[in-house]
Amino acid sequence: MPKYILKRVLQSILILFLVGLIIYGLLRCLPTSYIENMARQLSTQPGSKSFEEWMAQLEGAYGLDKGIVAGYFGWLKNAVTLNFGDSWVWTMPVLEKFQKTIGISFVMGAISFVLELIIAIPLGIIAATRQYSRTDYTISVVALAGISLPTFFFASLLKLVFSVKLGWFDLYGLTGRNFEQLSQWGQFWDMAEHLVMPVLTLTVLSIGGLMRYTRTNMLEVLNADYIRTARAKGLSERKVIYHHAFRNTLIPIVTLVGGSLPGLFSGALITETLFGIPGIGYASYHSMVGGDIPFSMFYLIFLSVLTLAGNLLSDLLYAVVDPRVRIA
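Below is a summary of the structure that appears in this document. Quantities reported herein were computed from a predicted structural model and do not represent experimental measurements. (Residues numbered from 1 in each chain as written. Predicted model: local features only at pLDDT ≥ 70, side-chain atom pairs only at ≥ 80, totals over all residues. Heavy atoms only, no water.)

## Notes on the overall build of the chain
For clarity, the threshold we go by: Numbering goes from the N terminus for both helices and strands, where a helix is a DSSP run of H or I of at least four residues and a strand is a run of E of at least two. Relative accessibility decides the category of a residue: with a 1.4 Å probe and only protein chains considered, values under 20% of the type maximum give buried, values over 50% give exposed, and everything between is partly exposed. Here, residues are in contact when the closest pair of their heavy atoms is within 4.5 Å. Reported accessibility uses the Shrake-Rupley method at a 1.4 Å probe radius. Residues are deemed covered only where the shown protein chains occlude them. Think of it this way: Lys and Arg go in the positive column, Asp and Glu in the negative one, and His and the chain ends go nowhere. Charged groups are reduced to one reference atom each: NZ for lysine, CZ for arginine, CG for aspartic acid, CD for glutamic acid.
Scanning the chain for helices and strands turns up 15 helices and two strands. Overall, the C-alpha framework of the chain stretches about 90 × 55 × 35 Å when taken along its three principal axes. The buried share among the 328 residues of the chain stands at 39%. Restricting the contact set of the chain to residue pairs at least 6 apart, pairs at least 24 apart contribute 71%. Carbon and sulfur atoms form 65% of the exposed surface of the chain, whose accessible area is close to 18400 Å². One way to put it: in the chain the 25 positive side-chain charges average out to a point 13 Å from where the 20 negative ones average out.

Right, dumping it as structure tokens:
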């Protein structure tokens, strides 16, 4: 096991290096450029230098006068020492902005993740044990709707119904207008109220896949020979399903859940932007739109690290929960 983990970590480092080079190249080729916008604004001032002169000066100041490969190695040299530079859009160190935004994204992700497990797995089991019934069809329709609905459409629908029509929640933001005048407990409930629709969006759009996955695996287990043997021995249907079948259904589900854990820290770019929640996803969206290479580079590398860690975690969990698996 230690040799396998070391091998996977070394492979992940190589993959991360190549992914970082691709990401840096794509960011340098984006049509939106923070440098160009700044140079254009400065060149319009009375008595100012020309746009070309400002571009040359700013590119040198921000390290963009080098080629993509040379620029990437320059960024990598600072990154290995955890120096990711200053965010151009947010005018503060990248790590400082990250620390300010990651907390709310983690809270949203953790709540939606727990709700996803509580809702999707039981419904998947119910659908499998009542195959081709009205309950199965209803659950399948809900799951397919959750998989198919675009985030922006469902979020806009929630805002139309609960904010515009009913007036229960604010359209945007994490806090209300009188947030500063509230007590500490009141501030907590005010923030919780503003997170209801974003968390509901994340939960509804994520339960479909896990629900279908649970149903499919449960049906496969229920048709196994040892399940028929357990029923032939006279065991109750409840014990057959929840003691024998469900335990084996958990094996692939645990690996799927392990792979989704890094998503707790990656934020929800579209959802946070639509609801105006100042999380890591919201910050990364505005950084990309504004051509903020330092913050965008850090965020995308952060996502890459989480993805590689999630894949490794899934493989290790599969070996832990399934004794038939041996890593060699």
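## Describing helix α6 (residues 134-148)
Going by this rule: A helix is expected to span 1.5 Å for every residue after the first. The arc under discussion is defined with respect to the helix axis, by the directions toward the C-beta atoms.
Look at α6: 21 Å from first C-alpha to last across 15 residues, which is about the 21 Å you get at 1.5 Å a residue. Among all positions in α6, only D136, I139, S140, A143 and G146 are buried. For α6, the angular spread of the buried residues around the axis is 125 degrees, confining them to a single face. In α6, the exposed positions that point more than 90 degrees away from the buried face belong to R134, V141 and S148. Where α6 is buried, its residues contact α5 (94-129) and α9 (196-222).

## Focus: the packing of α5 against helix α14 (residues 280-289)
Which entries qualify depends on this criterion: Orientation is described by axes fitted as lines to C-alpha atoms, over the contacting stretch for helices, and by angles from 0 to 180 degrees between their N-to-C directions. Just so you know how the angles are binned, under 35 degrees is roughly parallel, over 145 roughly antiparallel, 65 to 115 roughly perpendicular, and the rest oblique. Residue type decides the class: Asp, Glu, Lys and Arg count as charged, Ala, Val, Leu, Ile, Met, Phe, Trp, Tyr, Cys and Pro as nonpolar, and the leftover types, Gly among them, as polar.
The contact between α5 and α14 brings their axes to 7 Å, and the two run at 130 degrees. One element, α5, and the other, α14, form an angle in the oblique class. Contacts between α5 and α14 involve K97, F98, T101, I102 and S105 from the former and I280, G281 and A283 from the latter. The residue inventory of the contact of α5 with α14, partitioned by class, reads four nonpolar, three polar and one charged.

## Details of empty space enclosed by the protein
Over the atoms rolls a probe the size of a water molecule, and in doing so it shows where empty space is left. Definition in use: With a 1 Å grid spanning the protein atoms alone, the term cavity applies to any set of points in which a 1.4 Å probe fits but cannot get out, the term pocket to an open set with protein on both sides within 12 Å along at least five of seven lines, and the term lining residue to any residue with an atom within 4 Å of a point. Grid points are joined across faces, edges and corners, and a volume is the space filled by probe spheres set on the points.
The full count for this structure, using the stated rule, is one cavity of 30 Å³ or more. In this structure, the largest cavity spans a volume of roughly 60 Å³. Lining the largest cavity are F169, D170, L171, Y172, G173, E193, H194, V196, M197, P198, F275 and I277. With three residues, α9 is the largest single contributor of residues to the lining of the largest cavity. Looking at the lining of the largest cavity, its residues break down into eight nonpolar, two polar and two charged.

## Focus: α14
Of the residues making up α14, those classed as buried are I280, G281, A283, S284 and S287. Looking straight down α14, one finds its buried side chains confined to an arc of 160 degrees; they lie on one side. Residue G291 follows α14 closely and has a positive phi angle near 70 degrees.

## Regarding the nonpolar core
Short version of the rule: To define a nonpolar core, start from buried Ala, Val, Leu, Ile, Met, Phe, Trp, Tyr and Cys residues and group those joined through side-chain atoms within 4.5 Å.
One finds I35, W75 and M297 to be the most contacted residues of the largest nonpolar core, which totals 29 residues. Counting residues per element, the ones that place at least two in this core are α1 (2-28), α2 (34-43), α3 (51-61), α4 (68-79), α5, α14 and α15 (293-321). Looking at which element gives the most residues to this core, the answer is α15, with eight residues. Residue contacts for W75: discarding those within four places in its chain leaves F84, M297 and I301. Ranked by size, the runner-up nonpolar core spans 25 residues in total, among them I121, A143, M218 and A224.

## Looking at the pattern of salt bridges
Rule in force here: For this analysis, a salt bridge means a side-chain nitrogen from Lys or Arg found within 4 Å of a carboxyl oxygen belonging to Asp or Glu.
A full pass over the atoms with the stated rule returns four salt bridges. In this structure, K100 and E96 form a salt bridge, with 3.7 Å as the shortest nitrogen-oxygen distance. You can see K100 and its partner E96 sitting in helix α5, four residues apart, about one turn around the helix. Looking at K100, the relative accessible area reads 53%, which means it is exposed. As a salt-bridge pair, D136 and R215 come within 2.8 Å of each other at their nearest N and O atoms. With a gap of 79 residues between them, D136 in helix α6 and R215 in helix α9 connect regions that are remote in the sequence.

## Structural notes on the environment of R28
When you line up the elements, R28 lands in helix α1. Its relative accessible area of 23% is what places R28 among the partly exposed residues. For the pair R28 and D86, spaced 58 residues apart in sequence, the C-alpha separation works out to 17 Å. Apart from the residues within four sequence positions on either side, R28 is in contact with L64, K66, G67, I68, G71 and I293.

## Let's talk about the packing of aromatic side chains
What counts here: Two rings belonging to Phe, Tyr or Trp (six-membered ring only in the last case) form a pair when the distance between their centres is within 6.5 Å. Interplanar angles under 30 degrees mark stacking, angles over 60 mark edge-to-face geometry, and anything in between is tilted. Here, a charge over a ring means that NZ of Lys or CZ of Arg falls within 6 Å of the ring centre while also lying within 35 degrees of the ring normal.
Scanning all chains against the criterion turns up 15 aromatic pairs. With a centroid separation of 6.2 Å and an interplanar angle of 10 degrees, the aromatic rings of F298 and F302 are classed as stacked. Of this pair, F298 and F302 both sit in helix α15, separated by four residues, roughly a single helical turn. Overall, the relative accessible area of 8% leaves F298 in the buried class. If you follow K97 out to its NZ or CZ, it ends over the ring of W90, 3.9 Å from the centre. Between the NZ or CZ atom of K159 and the centre of the ring of F275, over which it lies, the distance is 5.7 Å.

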